[in-house]
Amino acid sequence: VKKTRAEELLALSETIKLLNDDDALDLFKSALPATSFMQVKAKSQAVKKAALKVIAEEAKNHKDTRLDLIALAMHSKGASFEKVLKMVDEMVALLKKEQGDDDSKKT
């Protein structure tokens with residue numbers, strides 16, 4: 001389980017690094033047509049709704065108050081998506097630390 005989790009985290013970090021590369025940005029710009037502001041806003045709202053649904057389901061399954069807090073922040077009009085992403089990043093970092101602590105206790 002630990003090996004699989006580590007492989008997943010490695011694959012995610014490599015994917016993020018690849019997508020953040022300038023070459024990938026140039027490729028996306030050339031491959032996708034220009035979108036209007038309304039299209040971007042509609043897509044953003046759809047993504048936010050889908051993300052909120054996933055987070056709400058996970059919060060029910062895991063009884064984790066941090067997930068409830070993220071869902072609450074996403075519901076509020078005042079919270080920007082950047083703050084939610086920061087909260088998610090902090091949660092992932094904390095989970096990595098906890099996993100490392102668990103791993104060191106087992107060895």
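Our subject is the structure that appears above.
Residues numbered from 1 in each chain as written. Predicted model: local features only at pLDDT ≥ 70, side-chain atom pairs only at ≥ 80, totals over all residues. Heavy atoms only, no water.

### Description of the overall build of the chain
Stage number 1. A count of helices and strands for the chain gives five helices and zero strands.
Stage number 2. Scanning the chain from its N terminus toward the C terminus, one meets helices and strands in the order α-α-α-α-α.
Stage number 3. For the chain, the residues scored as buried account for 12% of the 107 residues in total.
Stage number 4. The contacts of the chain with a sequence gap of at least 6 include a subset with a gap of at least 24, amounting to 35%.
Stage number 5. Just so you have it, the chain exposes about 9,100 Å², and 62% of that area is on carbon and sulfur atoms. (Helix = DSSP H or I, 4+ residues; strand = E, 2+ residues; numbered from the N terminus. Buried < 20%, exposed > 50% of the residue type's maximum accessible area, 1.4 Å probe, protein only. Contact = heavy atoms within 4.5 Å. Areas by Shrake-Rupley, 256 points an atom, 1.4 Å probe, with all protein chains shown as cover.)

### Looking at the pattern of salt bridges
Once their charged atoms are close, side chains differing in charge can pair, the charge on each being opposite to the other.
Stage number 1. Enumeration over the complete set of coordinates arrives at two salt bridges.
Stage number 2. With a closest N to O distance of 3.9 Å, Glu90 and Lys86 form a salt bridge. Taken together, the residues span about one helical turn, with Glu90 and Lys86 both in helix H5 (residues 81-106) at a distance of four residues.
Stage number 3. Residue Glu90 is classed as partly exposed on the basis of its relative accessible area of 46%.
Stage number 4. We note a salt bridge from Asp101 to Lys97, for which the minimum N-O separation is 3.3 Å. Of the two residues, Asp101 and Lys97 both sit in helix H5, four residues apart, roughly one turn of that helix.
Stage number 5. We classify Asp101 as partly exposed; its relative accessible area is 33%. (Salt bridge = Lys/Arg side-chain N within 4 Å of Asp/Glu carboxyl O.)

### What about the nonpolar core?
Stage number 1. Among the nonpolar cores identified, the biggest contains ten residues, and these are Leu52, Ile55, Ala59, Leu67, Ile70, Ala71, Ala73, Met74, Val84 and Met91.
Stage number 2. Listed by contribution, the elements that provide at least two residues to this core are helix H3 (37-62), helix H4 (65-75) and H5.
Stage number 3. Per-element accounting of this core gives the leading share, five residues, to H4.
Stage number 4. With near-sequence residues (within four places) excluded, Ala59 lies in contact with Asp64, Leu67 and Asp68. (Core = buried A, V, L, I, M, F, W, Y, C linked by side-chain atoms within 4.5 Å.)

### Points about H4
Stage number 1. Of the positions making up H4, those classed as buried are Leu67, Ile70, Ala71, Ala73 and Met74. Buried residues in H4, looked at end-on, bunch into an arc of 160°, giving them a common side. Looking at H4, the residues exposed on the side facing more than 90 degrees away from the buried face are Thr65, Leu72 and His75. (Arc of directions from axis to C-beta.)

Read these as layout, nothing more, since geometry by itself doesn't imply function.
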